[in-house]
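Observations on the three-dimensional arrangement
Single-letter residue listing:
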Amino acid sequence: KASVTIIFNNSDRARSPVGFEETQTIAVTRQIAMGGKSKYLVNGVLAQPGRVQSLFHSVQLNINNPHFLIMQGRVTKVINMRPNEVLSMV
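About the cut-offs
Residues numbered from 1 in each chain as written. Predicted model: local features only at pLDDT ≥ 70, side-chain atom pairs only at ≥ 80, totals over all residues. Heavy atoms only, no water. Helix = DSSP H or I, 4+ residues; strand = E, 2+ residues; numbered from the N terminus. Polar contact = N/O pair within 3.5 Å; in protein donor to acceptor, adjacent residues only side chain to side chain. Contact = heavy atoms within 4.5 Å. Buried < 20%, exposed > 50% of the residue type's maximum accessible area, 1.4 Å probe, protein only.

Remarks on the side chain of Ser16
Mapped onto the fold, Ser16 is located in the loop between strand 1 (2-9) and strand 2 (25-32). At 2.9 Å, the side chain of Ser16 and the side chain of Asn10 are in polar contact. Apart from residues no more than four positions distant in its own chain, Ser16 is found in contact with Asn10 and Glu21.

Following this line, the structure appears as C-alpha cells:
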C-alpha cells in the first residue's frame, strides 16, 4: 500500500471551500493498495473521487490540466526547468 497526502492552508475563511470554513487546513490523501484500488480521504474521512474533484474545482484548481499532477520520476525534471519552461506549464 502507498499513500500521498497534500495539506492546504485554509486559514483565509473568505476563500474556503463550502463546508470547510471552520478548518485551518484541508488534507487530501490518496491511498493505493495492491491491485491498483484507490481510496481517497479528506481530513481523514473517506471520500468519493468526485467529492475530491469537486473540492479542487471549488478553489479553481484545474484537475484536467495535464500538468496538475507531476508523476513520480518527473519531479527532478520539473525542479531543473528554467523559469520560462515552468511558466509554459501554467
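So, the side chain of Asn10
Within the secondary structure, Asn10 sits in the loop between strand 1 and strand 2. Among the residues examined, Asn10 registers a relative accessible area of 5% and is labelled buried. Not counting residues within four places of it along the chain, the set of residues in contact with Asn10 comprises Ser16, Pro17, Phe20, Thr23, Gln24, Thr25 and Ile26.

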